[in-house]
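# Fold and contact review
Given next are the chains, with one letter for each unit.
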Amino acid sequence: MGHPAVTGTGPYEAVVFDLDGVICFTDVYHYRGWKSIADELGIPFDETINNRLRGVSRMESLEIVLERYEGEPLSDARKEELAATKNERYRVMLGDMSPADLDPSVRTTLDELRGRGLKLAIGSSSKNATFILERIGLGDYFDAISDGTNITRSKPDPEVFLKAAEFLGVEPERCVVVEDAVAGIEAGEAAGMYTVAIGDAADQGAGDAQIGTFAELADVLSRLDG
Ligand code: B16
Ligand code: MG
């Protein structure tokens, strides 16, 4: 979805970042957590399925994992238990994260954007977002955090990004979204924001702009400034 050409200076006031796959990389821990559940249930699980879990909520992720399940039907209570077990294992792995897991170029780029006067927020589907940010040393860094604890609808619904804009006090059309999930790019588009894709979403050509590295974001935003 294209936006009209941006002219003049400072069309954007804020940048809303997805967390997993953009600021840091917990996807390998998600993979290991879901793989352990899948193995126990005899379900095939691979990277292709894991890519479909990007940006998707925990319970929706479980339903995707269970698509290939061929055993006895599972009750809702059992599904809740499986999701909780996955999350416990995932949290143990998150506990090993430290500020060393934050790429220095991510920190440098964030500081540069803040130095330009942009407001910075998180827009993540995760209910563990605050914990992850604390682990990597960004606990107090962002101006607002919108995450899985304040939404009722998952990406590609725009709710998580609209809430981020609301928390910042910035109009959605004055926000840029940075996302690694196609569902997240669709959510940003539905929110009326300019979308920048990285990682898997960039590989698929999604978004208004695509970047190969986080640091390239500074150049993309400079160009938007006209
Ligand atoms: P949790 P993001 C998303 O984070 C992950 O990409 C997705 O794989 C995960 O299922 C979702 O968070 C929920 O995570 O189980 O921690 O609540 O990319 O939106 O930052
Ligand atoms: Mg993501």
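Here, every reference points to the structure presented above.
Per chain, the residues get numbers from 1 upward, laid out in the order the sequence is written. Following the order in which they are written, the chains are lettered starting with A and the ligands numbered starting with 1. Reporting in this predicted model follows two pLDDT cut-offs: at least 70 for local features of residues, and 80 or more for side-chain atom pairs to be given and counted; totals over whole chains, interfaces and linings ignore these cut-offs and use all residues. Side-chain numbers here rest on the full set of heavy atoms in the structure, without hydrogens or water.

## Considerations on the coordination of the magnesium ion (ligand 2)
Atoms of type N, O and S within 2.8 Å of a metal are treated as its donors, and for Na, K and Ca the window is 3.2 Å; water is not considered, so some sites may appear to be missing partners. The coordination sphere of the magnesium ion (ligand 2) contains the protein donors D18 (OD), D20 (O) and D180 (OD), at a distance range of 2.0 to 2.1 Å. Three exposure classes are used, based on accessible area relative to the maximum for each residue type with a 1.4 Å probe and protein chains only: buried under 20%, partly exposed in between, and exposed over 50%. A residue is classified by how much of its surface remains accessible, and D18, at 4% relative accessible area, is buried. A relative accessible area of 22% places D20 in the partly exposed class.

## A word on the packing of helix α3 (residues 58–65) against helix α4 (residues 76–94)
To define axes, lines are fitted to C-alpha atoms, for helices over the stretch in contact only, and angles between the resulting N-to-C directions are given on a 0 to 180 degree scale. The way it works is that DSSP assigns letters per residue, a run of H or I at least four long becomes a helix, a run of E at least two long becomes a strand, and they are numbered from the N terminus. Packing of α3 against α4 leaves a shortest axis separation of 10 Å and a crossing angle of 105°. Classified by the interaxial angle, the pair formed by α3 and α4 is roughly perpendicular. Within the contact between the two elements, α3 uses R58, M59, L62 and E63 and α4 uses K79, E80, L82, A83 and N87. Under the scheme applied here, ten amino acids are nonpolar (Ala, Val, Leu, Ile, Met, Phe, Trp, Tyr, Cys and Pro), four are charged (Asp, Glu, Lys and Arg), and all others, including Gly, are polar. Looking at the contact of α3 with α4 residue by residue, the class counts come to 4 nonpolar, 1 polar and 4 charged. Note that the term roughly parallel is reserved for angles under 35 degrees, roughly antiparallel for angles over 145, roughly perpendicular for angles of 65 to 115, and oblique for everything else. Contacts: residue pairs with any heavy atoms within 4.5 Å of one another.

## Points about the sheet that holds strand β3 (residues 144–146)
Whether two strands pair depends on DSSP finding at least two bridges between them. Strand order in this open sheet of 6 strands is β3-β2-β1-β4-β5-β6, and the pairing throughout is parallel. With partners counted over all chains shown, the strands left at the sheet margins are β3 and β6 (209–210), one partner each. Here strand β5 (residues 194–197) runs beside β6; their pairing, made up of 2 bridges, is parallel. For A197, the partnering residue across the bridge sits in β6 and is Q210. Helix α8 (residues 182–190) contacts β4 (175–179) and β5 of the sheet and is inclined by roughly 165° relative to β5.

## Regarding the packing of aromatic side chains
Aromatic ring pairs: the centre-centre distance and the angle between the two ring planes describe each pair. Put simply, two rings from Phe, Tyr or Trp (the six-membered ring, in Trp's case) pair if the centres are within 6.5 Å, and we call them stacked under 30 degrees between planes, edge-to-face over 60, tilted for the rest. As enumerated under the stated definition, the model contains 5 aromatic pairs in all. With centroids separated by 5.9 Å and ring planes inclined at 55°, the aromatic side chains of Y12 and Y194 adopt a geometry described as tilted. In this pair, Y12 sits in the segment before β1 (14–17) while Y194 sits in strand β5, placing the two residues 182 residues apart along the sequence. The exposure classification of Y12 matches that of Y194, with both residues buried. On the numbers, 5.3 Å between centres and 40° between planes, the contact of Y31 with F45 is tilted. Taken as a pair, Y31 in helix α1 (residues 27–41) and F45 in the loop between α1 and α2 (47–52) lie far apart in primary sequence, 14 residues in all. For F45, a relative accessible area of 8% puts it in the buried group. Every member of this aromatic cluster is reached through a ring pair, and the members are F17, Y141, F142 and F214.

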